[in-house]
Number of protein chains: 2
Amino acid sequence: MRPPEAGELLVRAEFLSVDPAMRGWVSDVANYSEPVPVGDVMRSFAVGTVVASAAPAYRPGDRVTGLFGWQEYATVDAGAVLRRVDEDDLSPSLSLGVLGLTGATAWFGLSEIARPAAGETVVVSTAAGAVGSVVGQLAAQAGCRTVGIAGGPEKVRLCLEEFGYDAAVDHRSPPLAADLAAAVPDGVDVYFDNTAGPISDTVLPRINRRARIVVCGTAAISSWDPWPTGPRVERHLLTKAARMEGLLFFDHQHRLPEAVAALAELVRGGRLRYREDVLDGLEAAPDAIAGLYRGENLGKRVIRLA
Amino acid sequence: MRPPEAGELLVRAEFLSVDPAMRGWVSDVANYSEPVPVGDVMRSFAVGTVVASAAPAYRPGDRVTGLFGWQEYATVDAGAVLRRVDEDDLSPSLSLGVLGLTGATAWFGLSEIARPAAGETVVVSTAAGAVGSVVGQLAAQAGCRTVGIAGGPEKVRLCLEEFGYDAAVDHRSPPLAADLAAAVPDGVDVYFDNTAGPISDTVLPRINRRARIVVCGTAAISSWDPWPTGPRVERHLLTKAARMEGLLFFDHQHRLPEAVAALAELVRGGRLRYREDVLDGLEAAPDAIAGLYRGENLGKRVIRLA
């Protein structure tokens, strides 16, 4: 615990985030951000309270979220703060999920890339997950038909009963292609893709003209070394004049206040449901990322510190 | 030769177009337009002179281009006319190429999808072709570094000497990956893709953040049945927040007058070079499409009628 120097804060973390992107961050394969070297603190979002501040914008007692790493006490530059957390009526953990990286990612993907219109069909993979469940609900509120793809009957049930999808299909069930075809009688206008891999290969042949595919995650690909192959996408994109675009949270960060305001209003009105998967203590961390790829969590995974 | 009824024109064709997309049109695999059934007139752009008109907007002697099919005399609805050809100082055949489908496709791809900025690197496959050569020249005029990929030393030479690419690499030469890497020291901001396949697989790992990939053609894929596989693109798109988008000429047709005006001005000023590959007579038609895929033409292929 190092006291803050000029421009720094000392933050005591309440919750740490566990995100699929972390597997990429600890890989030494080129990525959108620098790899985390062995021996360093794991890069992570966290939410906590300022204990000491040498930065004029923050005072002890302020609650903030940002890239503070997997640690109980973080001495960080004030620039590591993503935002001040002012939703005192809601759990601070939400700033790591539905009001944070995952919720805002869903909001960004729809608002900035997919822009679904009422009446369009929106398909979501890992549909019951922290990003997917928000995508499905926001798309439904935009007047879209929403179809979730999830792994196993429990997640399919969650999609239908908790997250309000119009239809949901189980990608672990063999007739996925047929199930999906039946669920999208008018084709697919937006595919919010959190998996890539064989699941996406089933969706691509069903896209409509001018479809938008948001590439948000690749959860179905356990390794990119060796680089996996799959059916080529070029002809689908060409013959449908469709678009496939990668979504990175940080590219859209300037709209975070807008996203959080919109999402918090929906949460307070009971119109945006979310699940949290809370693990206790730093000692739960090492296996927590791998568990995401095993699909064992229902909802946004966070680590609660005592 | 059927006389025109109300709303129709009788056009005598001067030039017929031969385009890579035609292979798709005569395939019975689902595509962006209806297949041409066996026994029908081949769908095609053509340019010619109105011989008789029962449509108020056209008079005998007018030169028009449109979807008139591979035939000497076409009795067509006035709606088949794409535009009136007013560039009397230029060969009418240009309305099938640099001032038509291919030139406008290049212009649309850059103006509507890629929007390259000065200083960016633009890579083009089939770089010496009818679309590619226009892309390269327009991108150079926008202040970009242009890198062409072409098949064989003669086309590479054309890229450098005639179409002004800053660099050109031969995809038939074994060290394509190394040659391309050397040609794009700052990575790839725009990839105008006319081939798909192994050529594109070499480009994708070199894209920069926010890269734009215009999917304009799949000339390197000789058949989509069975559907070919290749390295998955999702991770490239995700980690670079890049975009891959299909380009269909007809989706941008409303901007054709603007495109033709811009391209014609460049042609007249000697600032846009083009090649034509002129075959004589309808009897040359059947093998003309296959020849495109054998890469035997240098420039836009058209058929001249006597």
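Labelled according to an unreviewed UniProt entry, chain A appears under the name Enoyl reductase (ER) domain-containing protein, originating from Geodermatophilus sabuli.

Participant: Can you walk me through helix α3 (residues 132-141) of chain B in this structure?
Facilitator: One turn of an α-helix holds 3.6 residues; hence residues three or four places apart share an orientation. All names here are of chain B. Most of α3 is tucked away: 8 of the 10 residues are buried. On its buried side, α3 packs onto α2 (101-114), β6 (121-125), β7 (145-150), β9 (188-193) and α8 (256-268). Following α3 by one or two positions, glycine 143 has its phi on the positive side, about 85 degrees.

Participant: Which parts of the structure should I look at to understand the domain arrangement of chain A?
Facilitator: When the parts come together, some accessible area is lost, and that loss is often what is quoted as the size of the interface. Residue and element names in this part refer to chain A. Partitioning chain A into structural domains gives domain 1 (8-97 + 275-304) and domain 2 (101-249). Look at where the C-alpha atoms of domain 1 and domain 2 centre, and you get two points 27 Å apart. Interface of domain 1 and domain 2: buried area, both sides summed, is about 1300 Å²; carbon and sulfur atoms make up 60% of it. When residues of domain 1 are sorted by the area they lose upon contact with domain 2, Arg23, Arg275 and Leu298 head the list and together hold 35% of the total. Applying the counting criterion to the domain 1 and domain 2 interface returns 1 salt bridge. The salt bridge partner of glutamate 162 is arginine 275, with a shortest N-O separation of 3.1 Å. Counting every contact that joins domain 1 to domain 2 gives 5 residue pairs in polar contact (both at pLDDT 80 or more). Here the residues of the side of domain 1 that touches domain 2 are counted per class, giving 6 nonpolar, 5 polar and 5 charged.

Participant: Could you clarify how one ought to interpret the interface of chain B and chain A in this entry?
Facilitator: Taken together, the contacts link 40 residues of chain B with 40 residues of chain A. Around 3600 Å² of area is buried between chain B and chain A when both sides are counted, 57% of it from carbon and sulfur atoms. Three residues, Arg232, Arg235 and Leu238 of chain B, lead the burial of chain B against chain A; their summed loss comes to 23% of the area buried on that side. Joining chain B to chain A, the criterion identifies 10 salt bridges. Here aspartate 251 of chain B and arginine 210 of chain A are joined by a salt bridge, their closest N and O atoms 3.3 Å apart. Taken together, chain B and chain A are joined by 18 residue pairs in polar contact (both at pLDDT 80 or more). Put simply, the parts of the chain that give the side of chain B that touches chain A at least two residues each are α6 (197-203), β10 (207-215), β11 (229-231), α7 (234-239) and β12 (243-246) of chain B. No other element matches the 6 residues that α7 of chain B contributes to the side of chain B that touches chain A. A per-class count over the side of chain B that touches chain A returns 18 nonpolar, 12 polar and 10 charged. The pairing of strand β11 (residues 229-231) of chain A with β11 of chain B spans 3 bridges and is antiparallel. Residue pairing across strands places proline 231 of chain A opposite threonine 229 of chain B, the latter belonging to β11 of chain B.

Participant: Would you mind showing me how to read unusual backbone geometry here?
Facilitator: Generally, phi is negative for residues other than glycine and the peptide bonds are trans, each holding for most cases. The omega torsion across aspartate 225 of chain A and proline 226 of chain A is 0 degrees, close enough to zero to call that bond cis. Position of proline 226 of chain A among the secondary structure elements: in the loop between β10 (207-215) and β11. A positive phi angle, close to 40 degrees, is found at arginine 115 of chain A, a residue other than glycine. Inspection of the secondary structure assignment puts arginine 115 of chain A in the loop between α2 (101-114) and β6 (121-125). Positive phi, normally seen in glycine, also occurs at arginine 210 of chain B, with a value near 65 degrees. Mapped onto the fold, arginine 210 of chain B is located in strand β10.

Participant: Even after reading the chapter, I still don't get the environment of valine 123 of chain B, so can you show me in this structure?
Facilitator: All names here are of chain B. Summarising the element assignment, valine 123 is placed in strand β6. Since its relative accessible area comes to 0%, valine 123 is described here as buried. Taking the C-alpha atoms as reference points, valine 123 and phenylalanine 163, 40 residues apart in sequence, are found 13 Å from one another. Residue contacts for valine 123: discarding those within four places in its chain leaves Val147, Ile149, Leu180, Val184, Val188, Val190, Tyr191, Phe192 and Val203.

Participant: Quick question: what am I supposed to make of the sheet that holds β6 of chain B here?
Facilitator: Strand pairing in a sheet is mediated by backbone hydrogen bonds. Such pairs are either parallel or antiparallel. Pairing within the open sheet is mixed, and its 12 strands lie in the order β8(A)-β7(A)-β6(A)-β9(A)-β10(A)-β12(A)-β12(B)-β10(B)-β9(B)-β6(B)-β7(B)-β8(B). Edge strands, defined here as strands with exactly one partner in the open sheet, are β8 (167-170) of chain A together with β8 (167-170) of chain B. Between one strand and the next, the sheet's axes are offset by a mean angle of 15 degrees, whatever the strand orientation. Pairing geometry for β9 of chain B and β10 of chain B, over 5 bridges, is parallel. Pairing of phenylalanine 192 of chain B across the sheet is with valine 214 of chain B, part of β10 of chain B. The sheet strands contacting helix α4 (residues 153-161) of chain A are β7 (145-150) and β8 of chain A, and the helix crosses β8 of chain A at an angle near 170 degrees.

Participant: Please explain the packing of aromatic side chains as it appears in this structure.
Facilitator: For any pair of aromatic rings, the description consists of the separation of the ring centres together with the inter-plane angle of the planes. What the rule picks out here adds up to 12 aromatic pairs over all chains. Ring geometry for phenylalanine 249 of chain A and phenylalanine 250 of chain A: centres 5.3 Å apart, planes at 80 degrees, overall edge-to-face. A relative accessible area of 6% means that phenylalanine 249 of chain A is categorised as buried. Each ring, one from phenylalanine 45 of chain B and one from phenylalanine 250 of chain B, has its centre 6.0 Å from the other, and the planes form 20 degrees; the classification is stacked. Placement of the pair is phenylalanine 45 of chain B in strand β2 (residues 45-53) and phenylalanine 250 of chain B in the loop between β12 and α8, with a sequence separation of 205 residues. On the basis of relative accessibility, which here comes to 5%, the residue phenylalanine 45 of chain B falls in the buried class. Directly above the aromatic system of tyrosine 293 of chain B lies the positively charged group of arginine 23 of chain B, at a separation of 3.3 Å from the ring centroid.

Conventions we followed
Residues numbered from 1 in each chain as written. Chains lettered and ligands numbered in written order. Predicted model: local features only at pLDDT ≥ 70, side-chain atom pairs only at ≥ 80, totals over all residues. Heavy atoms only, no water. Buried < 20%, exposed > 50% of the residue type's maximum accessible area, 1.4 Å probe, protein only. Helix = DSSP H or I, 4+ residues; strand = E, 2+ residues; numbered from the N terminus. Contact = heavy atoms within 4.5 Å. Domains from an automatic or database assignment. Buried area = accessible area lost by both parts, 1.4 Å probe. Salt bridge = Lys/Arg side-chain N within 4 Å of Asp/Glu carboxyl O. Polar contact = N/O pair within 3.5 Å; in protein donor to acceptor, adjacent residues only side chain to side chain. Nonpolar A, V, L, I, M, F, W, Y, C, P; charged D, E, K, R; others polar. Pairing = 2+ DSSP bridges. Axes fitted to C-alpha atoms, helices over the stretch in contact; angles between N-to-C directions. Phe/Tyr/Trp six-rings, centres within 6.5 Å; stacked < 30°, edge-to-face > 60°. Lys NZ or Arg CZ within 6 Å of the ring centre and 35° of its normal.

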